[in-house]
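# Overview (structure and organization)
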Amino acid sequence: ESLLAGRPALAIFPTGGGKSLCYQLPALLLDGITLVVSPLIALMKDQVDALKQRGIAAARLDSTLTSEETFAIYDQIRAGSLKLLYVAPERLANEKFRARLEDMSISLLAIDEAHCISEWGHNFRPDYLKLARFAKDLGITRVLALTATATPEVAADIRRNFDIADRDQVQLSFHRPNLTLRATPALENDKRAILLDRLRDDPTAPTIIYGTRQETAESLAAFLKREGFPARPYHAGLRPETREACQEAFMSGEAPIITATIAFGMGIDKADIRAVIHYNLPKSLENYVQETGRAGRDGGDARCEILACGDDRIVLENFVYGDTPSQRGLQALLEHLLLQGERFDVSNYDLAATNDIRPAVIATALAQLELRGVLRTTGSFYASFRYQYLQ
């Protein structure tokens, strides 16, 4: 009702609560195109495929498309035959793409995983910060922000960014009676024995085991295979085709047990996950809600358990320290950027190496400078490639 009345809105629904329907239905009722900002290619692909099967004109623009496929989508936009267009937030940093949008009639801007807008959120992405300014530049007033995990601070941040009235925040309960939540204190040396004990109850039940580090995902999968359990590892360090094969094996039931980092899960539309086990402590309460929310989406009973070990704090604290740049490093970064002249190219990789600041933090610093009107990104430009022999 808020959207059809032309007002911006915020929807905070638990996993499986029907967030997608909140913009897909208005998209069909409104004239013009609905632009959906989503952070994951796999998620975009699943949604577009599902909409096409229902005869709805939807498309996605992402890095996996060929130039021919991309131009075909632009032809659909020009012809006015497209109802929903899914894009990653990074694409909106491209000046040429923004210029194309100025010629489009955008009836609704939907922002999935909207907690990424807020620096208080658990999965902060710098390019999300620019979405509010982007909406204002294009004169888009009908905005829908969607998330499954927003604290009161994050919700206030989102409302402020998009001028959403308090009455237009719709929040459902996070309580899901079919999930059993448990925390088991455990010493590091005892965790594997406890894990085996839990898995023996039903070795074929779809289960996600979350670990903090890639090495943990790999070593746990190897250990479980030796013990006779059909487990596979999943993390960002694997080749894309290996990750895809792993995900498909889990979805089909061929590999019911996945040992994974948090790279696995967002956009996993598998309703019958019976257990989510945190082998290591989750990074935050919001992460915990997001990750356990993947269990029992079919309404059946599911169990979520943390093997709580004090040693895990060391790794989490190291992540925090690694993401915190020194005052001297930030000063050097600013001096370097402000002495570059009116137009210049930068490499986040080089800036990170020369200033001893992680690339993700470099991206955040650049986004903050852009929001303050100091810099403006015009798009990606690849001038050179570097490689290093591993052997």
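Summary of the structure given here. These numbers come from a predicted model, not from an experiment. Throughout this document, residue positions are counted from 1 along each chain, in the order its sequence is written. The model is predicted, so local features are restricted to residues of pLDDT at least 70 and side-chain atom pairs to those at 80 or more, both for listing and for counting; the totals for chains, interfaces and linings are taken over all residues. Hydrogens and water molecules were not included; the side-chain quantities draw on all heavy atoms of the structure.

### Observations regarding the packing of aromatic side chains
Where we set the bar: Only centres within 6.5 Å qualify two rings of Phe, Tyr or Trp (six-membered ring in Trp) as a pair; their planes then separate them into stacked at under 30 degrees, edge-to-face at over 60, and tilted for everything else. Helix and strand definitions follow DSSP, with helices as H or I runs of at least four residues and strands as E runs of at least two, each counted in order from the N terminus. Exposure categories follow from relative accessible area, calculated using a 1.4 Å probe and restricted to protein chains: below 20% of the type maximum is buried, above 50% is exposed, and the middle band is partly exposed. Here, a charge over a ring means that NZ of Lys or CZ of Arg falls within 6 Å of the ring centre while also lying within 35 degrees of the ring normal.
Here the structure, examined in full by the defined rule, presents two aromatic pairs. Here Y23 and Y86 contribute two aromatic rings whose centre-to-centre distance is 6.4 Å and whose plane-to-plane angle is 70 degrees, an arrangement assigned as edge-to-face. Here Y23 is found in helix 1 (residues 19-29), whereas its partner Y86 is found in strand 4 (residues 84-87), with 63 residues between them in sequence. We classify Y86 as buried; its relative accessible area is 1%. With a centroid separation of 5.8 Å and 75 degrees between ring planes, the pair formed by Y387 and Y389 is classed as edge-to-face. The pair formed by Y387 and Y389 is uniform in burial state, with each residue classed as exposed. The ring of Y74 carries the charged tip of R100 above its face, separated from the ring centre by 3.7 Å. Sitting over the ring of F250, K270 keeps its end group 5.5 Å from the ring centre.

### Re helix 15 (residues 359-371)
So the rule is basically this: In this analysis, the expected span of each helix is defined as 1.5 Å times one less than the number of residues it contains. The criterion used for residue contact is that any of the two residues' heavy atoms lie within 4.5 Å.
Taking 1.5 Å of rise per residue, 13 residues should cover 18 Å, and helix 15 covers 18 Å from first to last C-alpha, within 8% of that figure. Taken residue by residue, helix 15 has V361, I362, A365, L366, A367, Q368, L369 and E370 as its buried positions. In this fold, the buried residues of helix 15 make contact with helix 5 (126-129), helix 6 (131-137), helix 13 (327-338) and helix 14 (348-355). Trailing helix 15 by a residue or two, G373 shows a phi angle of about 80 degrees, which is positive.

### Quick notes on the state of the cysteines
Filter applied, for reference: Any two cysteine sulfur atoms lying within 2.5 Å of each other are counted as a disulfide.
Following the criterion strictly, the structure yields zero disulfides and no others. No disulfide involves C22; its sulfur sits 18 Å from the nearest other cysteine sulfur, which is in C116. Judged by relative accessible area, which is 23%, C22 ranks as partly exposed. Cysteine C246 remains unbridged, with the sulfur of C304 as its closest cysteine sulfur at 20 Å.

### Thoughts on the pairing of strand 10 (residues 231-234)
Note the cut-off: DSSP-based pairing: two strands are paired if at least 2 bridges between them are found. For crossovers, right-handed means that the path from the first strand over the helix to the second runs clockwise, given strands pointing away from the viewer.
Sheet topology places strand 10 next to strand 11 (residues 257-260); four bridges connect them, and they run parallel. Paired with A231 across the bridge in strand 11 is I257. As for the winding sense of the linkage, the β-α-β connection from strand 10 through helix 10 (residues 240-252) to strand 11 is right-handed.

### Focus: the side chain of K191
Just so we agree on the cut-off: N or O atoms within 3.5 Å of each other form a polar contact, as long as, within protein, one can give a hydrogen and the other can take it, and as long as residues adjacent in sequence are counted only when both atoms are side-chain atoms.
Residue placement: K191 occurs in helix 8 (residues 191-200). Reaching out from K191, the side chain makes a polar contact with the backbone oxygen of Y279 at a distance of 2.8 Å. Not counting the four nearest positions on each side in its chain, K191 is found in contact with A186, Y279, N280, L307, C309 and D312.

### A short note on the nonpolar core
The condition that has to hold: Throughout, nonpolar core names a set of buried Ala, Val, Leu, Ile, Met, Phe, Trp, Tyr and Cys residues whose side chains join them through atoms within 4.5 Å.
One finds L35, L85, L92, L109, I111 and F162 to be the most contacted residues of the largest nonpolar core, which totals 38 residues. Aside from chain neighbours lying at most four places away, what touches I111 is V37, I117, Y128, L131, V143, L144, A145, L146 and F162. In this structure, L3, A11, F13 and A88 belong to the second largest nonpolar core, which totals 20 residues.

### Description of the side chain of R60
Here R60 lies in strand 3 (residues 58-61). Looking at R60, the relative accessible area reads 16%, which means it is buried. A polar side-chain atom of R60 sits 2.5 Å from a polar atom in the side chain of D62. Within the structure, the side chain of R60 is placed 3.3 Å from the side chain of T64, a separation counted as a polar contact. Not counting chain neighbours up to four residues away, the residues in contact with R60 comprise M44, K45, V48, L65, I73, L85 and Y86.

### Here we look at the sheet that holds strand 7 (residues 169-171)
Cut-off, in case you're wondering: Angular values range over 0 to 180 degrees, each being the angle between N-to-C directions of two axes fitted as lines to C-alpha atoms, with helices fitted over their stretch in contact.
Taken together, the seven strands give an open sheet; going across it, the order is 3-4-2-5-6-1-7, and neighbouring strands pair in parallel fashion. Whereas interior strands pair on both sides, the edge strands pair on one side only; in this sheet they are strand 3 and strand 7. Geometrically, the sheet is characterised by an average inter-axis angle of 15 degrees between neighbouring strands, direction not taken into account. Sheet contacts for helix 3 (residues 67-79): strand 3 and strand 4; angle to strand 3, the most-contacted strand, approximately 135 degrees. Here helix 7 (residues 152-162) sits on the sheet in contact with strand 1 (9-12), strand 5 (106-111), strand 6 (143-147) and strand 7, set at roughly 160 degrees to strand 1.

### Some thoughts on unusual backbone geometry
Positive phi, close to 55 degrees, is recorded for E113, a residue that is not glycine. Turning to its location among the elements, E113 is positioned in the loop between strand 5 and helix 5. Given a relative accessible area of 10%, E113 falls into the buried group. The backbone of D163 sits at a positive phi, close to 55 degrees, despite the residue not being glycine. For D163, the position within the fold is in the loop between helix 7 and strand 7.

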